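Listed below, chain by chain, are the residues.
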Amino acid sequence: MNSIRLALEERENNLHPRAARSCNSSRTKPEQRSPVRTEFQRDRDRILHSKAFRRLKHKTQVFFSPEGDHFRTRLTHTLEVSQIARTIARALNINEDLSEAVALGHDLGHTPFGHLGETILDQLSETGFRHNEQSLRVVDLLENEGLGLNLTVEVRDGIAGHSKGRGPIMPLPGRGKLPQTLEGQVVRIADIIAYVNHDLDDAIRAGLITLEDIPAAARLLLGDTYARRIDAIVLDVIAATRACDLEKIAVSEPVCEEMMNLRTFLYKKVYLRSESELQRKQIENLLRTLYHHLLNYPPQGLAAYPAGDSLQRRIVDYIAGMTDRFALHLFNRLVMPEFLL
Ligand code: MG
């Protein structure tokens, strides 16, 4: 049976010389290889079957998930990133399986209630909180009942290096952490292609903005619809990357500039306004109450791992892992007298 995996590995020899090859990959704890899947395919499947992946379904992307069935959640965002990353990777003849694995795992550490949840956990945690670091913590230490998923070096590196915050999409060498592999860099750019476009789409759906509010220069260069914009950026990334013979994953200057402009527009008009002041206060109160309550009364089911970590750290892990609705239910149970529930 091993011949099946060997044939798949052999096929990877036809990829671009700069592509990652699964046969060269390694894991922290060495394992026997699968007879029918490459190492990157195996990582993709481990992530897909993880509990943290299933919970993405009920975690907010930007608009709180209970509000409407057509808004993106963290799960559908992840799937869109994966699809865009695979399209680019396949077109560039690099390792699509690696890009897919990184994309599916990149947001596993996201908190409930989107970036608001992340900001509040960052304030509560003694050591700060960043979702990309947490994603790595999930796959290394928390999943699989504390055993971790023992992923390959390349997938771990891609997950850790996907996040841009408000920084440059592709930092210059030496500035900011860029994934080592082209496949990881593809996910970094696919993430922003996905969120810039679907967050605009959802903001229109929510009535926060209209199509005409989107900066005219971006509409002119990238197109007037969600589909056209994604297509324009994806084609630009493929052309610019081929033009430098895959020295790095690249995007042309004008397209990069308009993507940054769209991101700035989203920060101003959407991210800081997607919930009302009242909702913001309610969620902050909810997360702070949960944190302090759980610290005083650690729940029975609180994981005993990672070994040696403080109770505070494990409570942050516990809250970060919650879905929006689990956090809401738990909060209700804590503050409401039982006879009212
Ligand atoms: Mg993301």
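Residues numbered from 1 in each chain as written. Predicted model: local features only at pLDDT ≥ 70, side-chain atom pairs only at ≥ 80, totals over all residues. Heavy atoms only, no water.

Draft legend 1. Structural view of the overall build of the chain. For the chain, the helix and strand inventory stands at 15 helices and zero strands. C-alpha atoms of the chain, sized along the principal axes, occupy 65 × 55 × 35 Å. A buried classification covers 53% of the 341 residues belonging to the chain. Sequence separation of 24 or more characterises 71% of the internal contacts of the chain that already satisfy a separation of 6 or more. Of the roughly 16300 Å² of accessible surface on the chain, 53% is carried by carbon and sulfur atoms. For the chain, the separation between the mean place of its 45 positive charges and that of its 45 negative charges on side chains is 2 Å. (Helix = DSSP H or I, 4+ residues; strand = E, 2+ residues; numbered from the N terminus. Buried < 20%, exposed > 50% of the residue type's maximum accessible area, 1.4 Å probe, protein only. Contact = heavy atoms within 4.5 Å. Areas by Shrake-Rupley, 256 points an atom, 1.4 Å probe, with all protein chains shown as cover. Lys, Arg positive; Asp, Glu negative; His and termini not counted. Charge placed at Lys NZ, Arg CZ, Asp CG, Glu CD.)

Draft legend 2. Region of interest: the environment of tyrosine 305. Tracing the backbone shows tyrosine 305 in the loop between α13 (277-296) and α14 (311-321). Through-space distance from the C-alpha of tyrosine 305 to that of threonine 323 is 20 Å; in sequence the pair is 18 residues apart. Beyond its immediate chain neighbours, meaning those up to four positions away, tyrosine 305 contacts Leu141, Leu142, Glu145, Gly146 and Arg314.

Draft legend 3. Highlighting the layout of surface pockets. Approximately 530 Å³ is the volume found for the second largest pocket. If you trace the second largest pocket, you find 24 residues lining it, with Arg55, Tyr305, Asp317, Tyr318 and Gly321 closest to the centre. Here the element with the most residues in the lining of the second largest pocket is α14; it accounts for five residues. Considering only residue class, the lining of the second largest pocket consists of 11 nonpolar, six polar and seven charged. (1 Å grid on protein atoms, 1.4 Å probe; cavity = no way out; pocket = protein on both sides within 12 Å on 5 of 7 lines; lining within 4 Å. Points joined across faces, edges and corners; volume = space filled by probe spheres on them. Nonpolar A, V, L, I, M, F, W, Y, C, P; charged D, E, K, R; others polar.)

Draft legend 4. Representation of the packing of aromatic side chains. Per the stated rule, a full pass over the model turns up three aromatic pairs. With centroids separated by 5.0 Å and ring planes inclined at 90°, the aromatic side chains of tyrosine 267 and tyrosine 271 adopt a geometry described as edge-to-face. Of the two residues, tyrosine 267 and tyrosine 271 are both situated in helix α12 (residues 253-271); the distance of four residues between them amounts to about one turn of the helix. The residues tyrosine 267 and tyrosine 271 share a single accessibility class, namely buried. Measuring from ring centre to ring centre gives 6.4 Å for tyrosine 318 and phenylalanine 326, while their planes differ by 75°; the resulting arrangement is edge-to-face. Tyrosine 318 sits in the partly exposed class, given a relative accessible area of 25%. Over the ring of tyrosine 226 we find arginine 72, and its NZ or CZ is 5.0 Å from the ring centre. (Phe/Tyr/Trp six-rings, centres within 6.5 Å; stacked < 30°, edge-to-face > 60°. Lys NZ or Arg CZ within 6 Å of the ring centre and 35° of its normal.)

Draft legend 5. Fine view of the state of the cysteines. What the rule picks out here adds up to zero disulfides. In this structure cysteine 256 is not part of a disulfide, and its nearest cysteine sulfur, from cysteine 244, lies 13 Å away. (Disulfide = S-S within 2.5 Å.)

Draft legend 6. Examining helix α8 (residues 153-160) more closely. Burial of α8 is extensive: six of the eight residues sit out of reach of the surface. Packed against the buried residues of α8 are α2 (39-48), α5 (96-105), α7 (131-142) and α9 (182-205).

Draft legend 7. Layout of the side chain of threonine 181. Its location among the elements puts threonine 181 in the loop between α8 and α9. Not counting residues within four places of it along the chain, the set of residues in contact with threonine 181 comprises Ala20, Leu98, Glu154 and Asp157.

Draft legend 8. Geometry of a nonpolar patch on the surface. On the surface, Met1, Ile4 and Val36 cluster together into a nonpolar patch covering about 290 Å² of accessible area. Tracing the sequence through the fold places valine 36 in the loop between α1 (2-11) and α2. On the basis of relative accessible area, valine 36 is assigned to the partly exposed category, the value being 33%. (Patch = residues over 30% accessible without salt bridge, like charges linked within 9 Å, V, L, I, M, F, W, Y side chains within 5 Å. Salt bridge = Lys/Arg side-chain N within 4 Å of Asp/Glu carboxyl O.)

Draft legend 9. View of the coordination of the magnesium ion. All of the protein donors around the magnesium ion are His77 (NE2), His106 (NE2), Asp107 (OD) and Asp191 (OD); their distances to the metal are 2.2 to 2.5 Å. Between the donor residues of the magnesium ion, the gaps in sequence give the motif H-x28-H-D-x83-D. Linking histidine 77 in helix α4 (residues 74-91) with histidine 106 in the loop between α5 and α6 (114-124), this pair joins segments that are 29 residues apart in sequence. Of the two residues, histidine 77 and histidine 106, neither departs from the other in class, the shared state being buried. (Donors = N, O, S within 2.8 Å, 3.2 Å for Na, K, Ca; no water.)

Draft legend 10. Quick peek at the packing of α2 against α5. Between α2 and α5, the shortest axis-to-axis distance is 8 Å and the interhelical angle comes to 20°. Here α2 is positioned roughly parallel relative to α5, judged by the angle of their axes. The way α2 lies across α5 gives a crossing that is left-handed. Residues Phe40, Gln41, Asp43, Arg44, Ile47 and Leu48 of α2 pack against Asp97, Leu98, Glu100, Ala101, Leu104 and Gly105 of α5. (Axes fitted to C-alpha atoms, helices over the stretch in contact; angles between N-to-C directions. Parallel < 35°, antiparallel > 145°, perpendicular 65-115°, else oblique. Left-handed = near helix turned anticlockwise from the far one by under 90°.)

Draft legend 11. Summary view of the nonpolar core. With 68 residues, the main nonpolar core has Ile88, Val155, Ile189 and Ile193 as its most contacted residues. Sorting elements by how many residues they give to this core places α9 first, with 12 residues. Residues contacting isoleucine 193, with those up to four places away along its chain left out, are Ile84, Ile88, Ile230, Ile233, Val234, Val237 and Met259. Judged by nonpolar contacts, the second largest core, of 22 residues, contains Phe129, Ile283, Leu290 and Met322. (Core = buried A, V, L, I, M, F, W, Y, C linked by side-chain atoms within 4.5 Å.)

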